[in-house]
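As a plain string of letters, each chain reads:
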Amino acid sequence: ARSVLIKLRAIASITHSTVFVSSSNQNIGTMPERRPFVRLPTDVYPVNYGLSLKPDLIDFTFEGKLEALVEVTQATNQIVMNCADIDIITASFVPQGGEEINATGFNYQNEDEKVTLSFPSALQKGFGTLKIDFVGELNDKMKGFYRSKYTSPTGEIRYAAVTQFEATDARRAFPCWDEPAIKATFDITLIVPKDRVALSNMNVIDRKPHPDDENLVEVKFATTPIMSTYLVAFVIGEYDYVESQSSDGVMVRVYTPVGKAEQGKFALEVATKTLPFYNDYFSVPYPLPKIDLIAIADFAAGAMENWGLVTYRETALLIDPKNSCSSSRQWVALVVGHELAHQWFGNLVTMEWWTHLWLNEGFASWIEYLCVDHCFPEYDIWTQFVSADYTRALDLDALDSSHPIEVNVGHPSEVDEIFDAISYSKGASVIRMLHNYIGDEDFRKGMNAYLLKFQHKNASTEDLWDCLEQASGKPIAAVMGSWTKQMGFPIIAVDQEQQGDDCVLKISQKKFCASGPHNEENCPSWMVPISICTSEDPKCTKLKVLLDRQETTITLNSVGPDQWIKINPGTVGFYRIQYSSSMLESLLPGIRDLSLQPVDRLGLQNDLFSLSRAGMISTVEVLKLMEAFVNEPNYTVWSDLSCNLGVLSSLLSHTDFHEEIQEFIRDLFTPIGLKLGWDSKPGEGHLDALLRSLVLGKLGKAGHKPTLEEARRRFKDHVDGKQVLPADLRSPVYLTVLKHGDSATLDTMLKLHKQADMQEEKNRIERVLGAISAPDLIQKVLNFALSEDVRPQDTVSVIGGVAGSSKQGRKAAWKFVKDNWEELYNRYQGGFLISRLIKLTVDGFAIDKMAVEVKSFFESHPAPAAERTVQQCCENILLNAAWLKRDAEDIHQYLLQRKAPPV
């Protein structure tokens, strides 16, 4: 659902995880006591919900009528349901063929978001109708049934009523059994102003004037298939749409703000290609008559896969051919691919409980890439997967405060917490590894069996393993259990010796920890699928083994000493590698002469960077390696390199030689910058555009004079209306002029923000405002973050942008979050945006005492849905501090001597 979490590429450039010293501050690792959580009783359960809702878009309230067909499985005089922020007016129960029984009491357990309806006599076994009249609030918290602010084409402020129920917020719209395994059918009626569009999961079957008010209409929707409450949705507002039919006959519509229907065309094209692709891949047809994709103005996540009515942030759905950059197109393609995959995987077959959320999200986060690769092979999207998902998951999962993919969760605040990089990115990475281990044909066979066996039902992780095991004949459950039930991953140590014509490899595993090697007694181990290739054919795997013990030896026949050997070609296995120094030495030329595959050049660099952060090698070794990338042509390799240099630059902002690392960055990026130039050339494609934007932004931020001058010139022409900047150059130019700008630059930027008609452009500006360096202007940007001009879901990236840009910014952003905590916490109400805010604000500190300060602040200002994030940040701060103490001086010496004239 929340693929935003992983891919708010917005913030990709400034997220960095870090390293941990476990000896001190062990107390950071303790989780507070959880309150006991109990699932709903099973003595009454719903078969069909007849639901009628009448939202008031002026007073922000709604009236609701529920008539649910339920089955009483054992006699009881009470019914327990989920209910939050709803007032029940009347409730009664009518047994089939019997007399209506009025409820005599409603007991709300607000803490547990439950209500108990009491009846004067026992309800007997059998079917009956539960009738409830209730009222609720159209809140402004972006969850449940909420209001979303927009401006009409005439400039008037109006509100739409929309929903976001995952994970546990359907209970804010109507009393219900709000657990994924309690599935039922839904008959929904919306009573709305007659000039508004009303949508729900199914197609409209009737639309008639409301008997009491001629300005209202009653819109009735077809009965849904049997489904979970968190996938129900309704939207009431003003929208235009574009439509098309997929080749397999499904009606697809993309709804956009009024007057922007054109901007829905790209997503429409992706969706109509994607449905038949999944249909074919799963060999199960899409089960509904239609699917709508709709852009919602105020939206916390990236998108939500409601069955038949998928909701999106505007920036995850709308593309303007003239004003959208290449990375936005790619983002839209991935998010559309992700949400449509859920229509099968999640909606048709649903996880039994939130513990198995990763199955939904990990799977959709993997297959979205498969789908985009099918639609847009020119994106080289699988290489990008490694940088966007795989390495991010490895970084988080090396922390002591990580968690297994499968987490036992109970209370709603705990559920919110697991929408993180482990569920999404590690989930996707282990599924990619599994797919590679099984092979595509057997994988598809197993998926098909799983979907057919569990359609319209619920399943757990084990159920999927069973189906894949039967299809492939491999020990899937045993292999995968080691990756989903225990946290972390191994580091594989490799050494080689030559024996005649053969090469013998010694391979061993132990848990990789961000704080360095751990030699515990009971070290966990994994079932590790290992592949090996050699320089003879870098694209082709020479040997595959399953490492199912601590260590083993492998003989490679007729591999001579002149060949290099690469473990994990394609960077598919979820582990890091430590080569012996001679093996590493022989791999380095493969980076310079590009004989190693791009994804392997990336993986090698990323592994070494992470080993240096863990103190297993010196950071200087990594800087030397980075200099070997001077001929690198691949966008994703540069992107990962750039991310890691960003982490180093942020770390070294705590020293007095920050300028020296800027010089290193300028030296590394200048040759590729000169080669690319500023303007796109004929025959260039998507990846060239992404690379140009990355490189110019990096050079500009690091203060490369010619880049800065050119950026200022082009910015002036853009503002004066002489020559509009192409969308792909806007981020790097805005960033560069702000980083080296004054109050006039900031004012111009804020004016551009106000004038921007497209949310993408507003976000683009919001994300770079933090680059400004004067303290008073930093403060101005922070205040702007909470102003009416920034949509509530985007405040986080403005504050994060300030924190990620400079040492001053980091301090100011943390102070700002503390000073405005009440408002921020209230605004995000424990959703995952609060975790995101905390991470972006404090993750970059590098002094031990800051970890203590952060910890104590959140002890006195608890944020239950962000407990784990707070722990991870504290751990990261300690790791940063240790890294700095350990390596700062060596790095400084290296940076000085590489510039010293030869003697």
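In this text, all values refer to a predicted model and were calculated from it rather than measured experimentally.

About the criteria used
- Residues numbered from 1 in each chain as written.
- Predicted model: local features only at pLDDT ≥ 70, side-chain atom pairs only at ≥ 80, totals over all residues.
- Heavy atoms only, no water.
- Pairing = 2+ DSSP bridges.
- Helix = DSSP H or I, 4+ residues; strand = E, 2+ residues; numbered from the N terminus.
- Contact = heavy atoms within 4.5 Å.
- Axes fitted to C-alpha atoms, helices over the stretch in contact; angles between N-to-C directions.
- Parallel < 35°, antiparallel > 145°, perpendicular 65-115°, else oblique.
- Nonpolar A, V, L, I, M, F, W, Y, C, P; charged D, E, K, R; others polar.
- UniProt positions renumbered as here; feature names shortened; annotations may be inferred.
- Buried < 20%, exposed > 50% of the residue type's maximum accessible area, 1.4 Å probe, protein only.
- Polar contact = N/O pair within 3.5 Å; in protein donor to acceptor, adjacent residues only side chain to side chain.
- 1 Å grid on protein atoms, 1.4 Å probe; cavity = no way out; pocket = protein on both sides within 12 Å on 5 of 7 lines; lining within 4 Å.
- Points joined across faces, edges and corners; volume = space filled by probe spheres on them.

### What about the pairing of strand S13 (residues 204–210)?
Both S13 and strand S14 (residues 213–221) contribute to a ladder of six bridges, which runs antiparallel. Bridging from a neighbouring strand, Pro209 pairs with Val217 of S14. As consecutive antiparallel partners, S13 and S14 are separated by two residues.

### Considerations on the sheet that holds strand S16 (residues 240–245)
Spatially, the five strands line up as an open sheet ordered S16-S17-S18-S20-S19, and their pairing is mixed. A strand with exactly one partner marks an edge of an open sheet, and here the two such strands are S16 and strand S19 (303–304). Pairing of strand S17 (residues 251–256) with strand S18 (residues 290–296) involves five bridges; the strand directions are parallel. Directly across from Arg253, in S18, lies its bridge partner Asp292. Sheet contacts for helix H4 (residues 326–342): S18, S19 and strand S20 (309–313); angle to S20, the most-contacted strand, approximately 150°.

### Digging into the packing of helix H3 (residues 265–282) against helix H9 (residues 440–454)
For the pair H3 and H9, the least separation of the axes is 8 Å and the interaxial angle reads 90°. One element, H3, and the other, H9, form an angle in the roughly perpendicular class. Contact residues: H3 offers Asp280, Tyr281 and Phe282, while H9 offers Asp440, Phe443, Arg444, Asn448 and Leu451. In terms of residue class, the contact of H3 with H9 is built from four nonpolar, one polar and three charged.

### Overview of the UniProt feature "active site" (unreviewed entry) in the protein chain
Following the UniProt record, one finds the feature "active site" (unreviewed entry) at Glu339. One can find Glu339 in helix H4. The exposure class of Glu339 is buried, given its relative accessible area of 0%. A polar side-chain atom of Glu339 sits 3.3 Å from the main-chain amide nitrogen of Glu305.

### Some points on the environment of Gly439
By secondary structure assignment, the location of Gly439 is in the loop between helix H8 (421–438) and H9. Put simply, Gly439 and Ser472 are 33 residues apart on the chain and 8.5 Å apart in space, counted from C-alpha to C-alpha.

### Points about the layout of surface pockets
Estimated volume of the second largest pocket: approximately 1,200 Å³. What lines the second largest pocket is a set of 40 residues, and nearest its centre among them are Lys149, Tyr150, Thr151, Asp298 and Arg791. Only strand S9 (144–151), strand S10 (157–164), helix H20 (743–755), helix H21 (759–768) and helix H25 (821–828) provide two or more residues apiece to the lining of the second largest pocket. In terms of residue class, the lining of the second largest pocket is built from 15 nonpolar, seven polar and 18 charged.

### Observations regarding the sheet that holds strand S26 (residues 543–547)
Two strands in a sheet stick together by hydrogen bonds in their backbones, pointing the same way (parallel) or opposite ways (antiparallel). Read across the open sheet, the three strands follow the order S26-S25-S28; overall the sheet is antiparallel. Across the chains shown, the open sheet's two edge strands, defined by having one partner strand only, are S26 and strand S28 (565–567). The mean angle between the axes of side-by-side strands here comes to 25°, regardless of whether they run parallel or antiparallel. Looking at chain direction, strand S25 (residues 528–534) and S28 are connected through three bridges and run antiparallel. Note on S28: the bridge partner recorded for Cys533 is Lys566.

### Let's talk about the environment of Leu468
Mapped onto the secondary structure, Leu468 falls in helix H10 (residues 461–472). Between the alpha carbons of Leu468 and Gly446 there is a distance of 4.4 Å; along the sequence they are 22 residues apart. When neighbours within four sequence positions are excluded, Leu468 is seen to be in contact with Leu434, Ile438, Asp442, Phe443, Gly446, Met447 and Ile476.

### Describing unusual backbone geometry
Residue Ala167 is reached from Glu166 by a cis peptide bond, and omega for that bond is 10°. Among the secondary structure elements, Ala167 is positioned in the loop between S10 and strand S11 (185–193). Even without a glycine there, the phi angle at Met142 is positive, about 60°. Tracing the backbone shows Met142 in the loop between strand S8 (126–137) and S9. Positive phi values are uncommon outside glycine, yet Ser558 reaches one of about 40°. Relative to the assigned elements, Ser558 resides in the loop between strand S27 (551–556) and S28.

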